[in-house]
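Single-letter residue listing:
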Amino acid sequence: MRKYLTFHMARHTFATTVTLSNGVPIETVSKLLGHTKIASTQIYARVIEKKVSEDMQLLKDKIETPKAILTIVK
């Protein structure tokens, strides 16, 4: 089976697989793609489920990390 790679497919793959799934912020991806509005990038780049799961785990870890206890000295 032959499948031809189009310019659009290459940009989409770059935006999702290469950048967003590796933690590059969408604002940076937007600039790299030459978009003037984040909304253009949001339409272009689908959110990858693995990335959402990893981000939620990072948030959970941050929330569950004990904070330093402050001692009040009088």
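Notes on the structure in this doc start here.

Concerning helix 2 (residues 26–33)
Looking only at helix 2, the buried set comprises V29, S30 and L33. An end-on view of helix 2 places all buried positions within 105 degrees of arc, on one side of the element. Facing away from the buried side of helix 2 by more than 90 degrees, the exposed set consists of K31 and L32. Just downstream of helix 2 lies G34, where phi reads positive at about 80 degrees.

Some points on the packing of helix 1 (residues 7–19) against helix 2
Put simply, helix 1 and helix 2 touch, their axes get as near as 11 Å, and they point 150 degrees apart. Regarding the angle of helix 1 to helix 2, the classification is roughly antiparallel. The way helix 1 lies across helix 2 gives a crossing that is right-handed. Facing R11, F14, A15 and T19 of helix 1, the residues of helix 2 in contact are V29, L32 and L33. Among the residues forming the contact of helix 1 with helix 2, the class breakdown is 5 nonpolar, 1 polar and 1 charged.

Cut-offs applied
- Residues numbered from 1 in each chain as written.
- Predicted model: local features only at pLDDT ≥ 70, side-chain atom pairs only at ≥ 80, totals over all residues.
- Heavy atoms only, no water.
- Buried < 20%, exposed > 50% of the residue type's maximum accessible area, 1.4 Å probe, protein only.
- Helix = DSSP H or I, 4+ residues; strand = E, 2+ residues; numbered from the N terminus.
- Arc of directions from axis to C-beta.
- Axes fitted to C-alpha atoms, helices over the stretch in contact; angles between N-to-C directions.
- Parallel < 35°, antiparallel > 145°, perpendicular 65-115°, else oblique.
- Left-handed = near helix turned anticlockwise from the far one by under 90°.
- Contact = heavy atoms within 4.5 Å.
- Nonpolar A, V, L, I, M, F, W, Y, C, P; charged D, E, K, R; others polar.

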